[in-house]
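# Geometric and topological summary
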Amino acid sequence: MMPFHVSLSEEERGKIIEIALERMVMIDNKVYGLEDNTEPEAEVDCESKIKSCRAVCCTYAFALTQEEAKQGIVKYNTERPFYIARETDGYCPHLDRATFRCSIHDKRPLRCRKYACPQDNRL
Ligand code: SF4
């Protein structure tokens, strides 16, 4: 028997994500909610810290917002939608391993933009 492949159009894919998001919002409104994007971004001097921290923040697991999941720019974990994807080395797929820079810096998730490592007592 031939393997069965399903190919979804962008519209179909968007609809499936929308339905999944609606269900997840019902389950946990806080995690997948529409977040306030009016607060300023965290100011962190990554350049001076990156040699010692090696972008450990880019290994943290967090949920994307509804907008981010719908936009489809940020890769998410297919086994745990809509948490940000992590690769086998633990890092985000959007992290350039050679430079430790974010390859989607201008479009990075809200939680990345608001994270301030100097205030994180886990470090
Ligand atoms: S999106 Fe960019 S800043 Fe956010 S975890 Fe991934 S590499 Fe790091």
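Residues numbered from 1 in each chain as written. Predicted model: local features only at pLDDT ≥ 70, side-chain atom pairs only at ≥ 80, totals over all residues.

### Details of the overall build of the protein chain
Each helix and strand in the protein chain was counted, giving four helices and two strands. Secondary structure elements in the protein chain, listed N-terminal to C-terminal, are α-α-α-β-β-α. Taken across its 123 residues, the protein chain has 12% of its residues classed as buried. Look at the contacts in the protein chain between residues 6 or more apart in sequence, and 55% of them connect residues 24 or more apart. (Helix = DSSP H or I, 4+ residues; strand = E, 2+ residues; numbered from the N terminus. Buried ≥ 20, exposed ≤ 12 C-beta atoms within 10 Å, placed from the backbone. Contact = placed C-beta atoms within 7 Å.)

### Digging into the nonpolar core
Core analysis: the biggest nonpolar cluster contains eight residues, these being Cys58, Ala63, Leu64, Ala69, Val74, Phe82, Ile84 and Cys92. When residues no more than four places from it in sequence are discounted, the contact partners of alanine 69 are Ile17, Leu21, Leu64, Tyr76 and Phe82. (Core = buried A, V, L, I, M, F, W, Y, C linked by C-beta atoms within 7 Å.)

### Focus on the confidence of the model for the protein chain
Confidence in the prediction for the protein chain averages 84 pLDDT; 84% of positions are at 70 or higher. When mean pLDDT is taken per element in the protein chain, strand β1 (residues 95-96) scores highest with 96 and helix α1 (residues 10-27) scores lowest with 75. (pLDDT = per-residue confidence, 0-100.)

### Digging into unusual backbone geometry
Residues proline 81 and phenylalanine 82 are joined by a peptide bond in cis, for which omega reads 0°. Looking at the secondary structure, you find phenylalanine 82 in the loop between α3 (66-71) and β1. For phenylalanine 100, which is not glycine, the phi dihedral falls at a positive 60°. Locating phenylalanine 100 in the fold gives a position in the loop between β1 and β2 (101-102).

### Let's talk about helix α2 (residues 46-53)
Within α2, only zero of the eight residues are buried, which leaves it mostly out in the open. Downstream of α2 by a residue or two, arginine 54 has a phi angle that is positive, lying close to 50°.

### Some thoughts on the environment of tyrosine 76
Assignment of secondary structure puts tyrosine 76 in the loop between α3 and β1. Along the chain, tyrosine 76 and alanine 63 lie 13 residues apart, while their C-alpha atoms are 8.6 Å from each other. Excluding its chain neighbours within four sequence positions, the residues that come into contact with tyrosine 76 are Leu64, Ala69, Pro81, Phe82, Tyr83, Ile84 and Ala85.

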